[in-house]
Amino acid sequence: MTGMSFRWIPSNPSLRSSHYLPRSESGFPLPPSPPTWRLRGHLLPPREEYGPLIAIRSGTEKIVIIGRYKAAVDIMEKQGGILADRPRMIAAEELLAGGLTIGFAHAGERFRRMRRALHMHLQPKAVEAYQPLQMSHAKKTVLNILDELYNFLNHTGTIERVLKAMRPGAYLVDSIPWLKYLPWYGRELKRGYESSKRLYIRQLNHVKQQIQSNIDVGPSFAKYVLENGHSYGITEIEAAFLAGAFFSAGSTMTSMATCTVLMAAACFPEEQAKVQAELDSVIGRHRAPTFSDQQSLPHLQAFISEALRWRPLSANGLPHRTTKDVIWGGYCIPAGTTVSGNHWAISRDSEVFPEPHTFKPRRWIDDQGRLRDDLRFFVYGFGRRVCPGEHVANRSIFINSLLIFWAFQLTLDPGALLDDMGYMKGDVQRPCSIQFKTRVPEAELRQMMQKHSESDVA
Ligand code: HEM
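This one's a predicted model, so the numbers in the text were calculated from it and none came from an experiment.

**Topic: the overall build of the chain**
Part 1 of the reasoning: The helix and strand tally for the chain stands at 13 helices and 10 strands.
Part 2 of the reasoning: Within the span of the chain, comprising 458 residues, buried residues form 43% of the whole.
Part 3 of the reasoning: The contacts of the chain with a sequence gap of at least 6 include a subset with a gap of at least 24, amounting to 67%.

**Description of helix 1 (residues 69-77)**
Part 1 of the reasoning: Of all the residues in helix 1, the buried ones are Tyr69, Ala71, Ala72, Ile75 and Met76. All buried residues of helix 1 project into a common sector of 150° when viewed along the axis, lining one side.

**Notes on helix 6 (residues 187-212)**
Part 1 of the reasoning: Here helix 6 contains 26 residues, and its C-alpha end-to-end distance of 37 Å stays within 8% of the 38 Å for a straight helix at 1.5 Å per residue.
Part 2 of the reasoning: Of all the positions in helix 6, only Leu189, Gly192, Tyr193, Ser196, Tyr200 and Leu204 are classed as buried.
Part 3 of the reasoning: Positive phi appears at asparagine 214, one or two residues downstream of helix 6, with a value of about 60°.

**Some remarks on the site of the ligand**
Part 1 of the reasoning: Around the ligand, 26 residues are found, and the nearest of them are Gly250, Met253, Gly381, Cys387 and Gly389.
Part 2 of the reasoning: Mapped onto the shell around the ligand, the elements with two or more residues apiece are helix 3 (109-122), helix 8 (236-267) and helix 12 (390-407).
Part 3 of the reasoning: For the shell around the ligand, the residue count by class is 17 nonpolar, 7 polar and 2 charged.

**Brief notes about the UniProt feature "binding site: heme" (unreviewed entry) in the chain**
Part 1 of the reasoning: Under the present numbering, the feature "binding site: heme" (unreviewed entry) in UniProt falls on Cys387.
Part 2 of the reasoning: Mapped onto the elements of the fold, cysteine 387 is located in the loop between helix 11 (343-347) and helix 12.
Part 3 of the reasoning: Given 21 C-beta atoms within 10 Å, cysteine 387 falls into the buried group.
Part 4 of the reasoning: Filtering out sequence-adjacent residues up to four positions away, cysteine 387 remains in contact with Tyr380 and Gly381.

Reading the values: rules and limits
- Residues numbered from 1 in each chain as written.
- Predicted model: local features only at pLDDT ≥ 70, side-chain atom pairs only at ≥ 80, totals over all residues.
- Helix = DSSP H or I, 4+ residues; strand = E, 2+ residues; numbered from the N terminus.
- Buried ≥ 20, exposed ≤ 12 C-beta atoms within 10 Å, placed from the backbone.
- Contact = placed C-beta atoms within 7 Å.
- Arc of directions from axis to C-beta.
- Expected span 1.5 Å × (residues − 1).
- Near = placed C-beta within 6 Å.
- Nonpolar A, V, L, I, M, F, W, Y, C, P; charged D, E, K, R; others polar.
- UniProt positions renumbered as here; feature names shortened; annotations may be inferred.

Quick look at the structure:
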């Protein structure tokens, strides 16, 4: 806490009977705390009745959770500069990532340099270069589904380790920092770091060798950062971890997002049929879809947006940290507070998403049948820490969903368990099992997929 003192005053009316709230020097109280704040409130599930902001305390740490859309826009987006920092996460950041992962980096010069490098390579225009590669992968995926070799999630190890290390209370070192200096403490975290480091360095060296041998590696962030890293002041090990973010977090998150869309299609067959009617009318079944169909497919895009709102992948959001006081709605969030936009609670904000628990792609379409440009959901997070991979991920989810919806009818396997909240709980394995039935005669489908994948990589 920087430059702040608190005295305890009665809380706001809805919570007054159960506990008290501190008031900051600014004269504004902290946001209200739910009744369980004494029980290390971070174990509290996000609940809609708690309102736009709740404050909880974990030891000496203050945490504010944002659970409404407007509060998220006003605080995390409009005051993004004050929320660009991350709190200290010893298990996830220092032990597992060796302080090298941009996702946990603290605001400052080094963070800005790394973000700039990512941004230059991943801005909307630049990621068009990935289209042929993404198209070719999407077509291979269709062929793999036909051959029953389909497995989107094959890089899950790293992200599972990170999710576990970030889970509140998972590692005592986050409450007792000196534990990190004990050689026998957190061995699996330190081993995880060594194994990521080996993997990322090997991958970077592989690209380096390809460049030296004049092999065309196509669009590649590793190549970009090897050739341009010096102008951002990025060291080789930082470059390896930056490129590693693509491979590990980036590809796993994109696969999980695509799987969420496919799971929604299997769970809501009438909505799937509406998208397929659009595909039949815009594309027909005698040619393969392409990226250039995107503008003519608002119902597919609406379906994707709704699926990622329905089951947000990052349900709790990643924690940010305030570097100055933020005043909002008569409350003060003091400097040094951990602030999380809770994707799940925001996705259930009925003022913005009426009937929030209903899967309703139509909500993303306006009266003229076009995609609404006044509605969005924070799939990729907030403000200055918004996911830099957003544009490349969106294209990948789009093209995979497009080809799969066009090629197959998807149904749930009645003999398998369905856990449609699986990804949100951090279980990155299989939340459901999907059956695929071809909508295009198989021989034609194979021909179109093979023909196109050859021309895409040529
Ligand atoms: C559908 C796929 C993806 C989803 C849902 C997703 C989601 C997120 C979220 C919620 C955050 C935290 C934002 C915040 O703190 O408010 C984040 C950060 C990040 N993502 Fe993604 N992401 C995806 C794909 C990717 C891809 C493809 C890449 C790499 C190209 C990537 C790289 C990163 C990095 C480096 C950060 C850390 C940024 C920072 O801390 O400044 N992500 N992502």
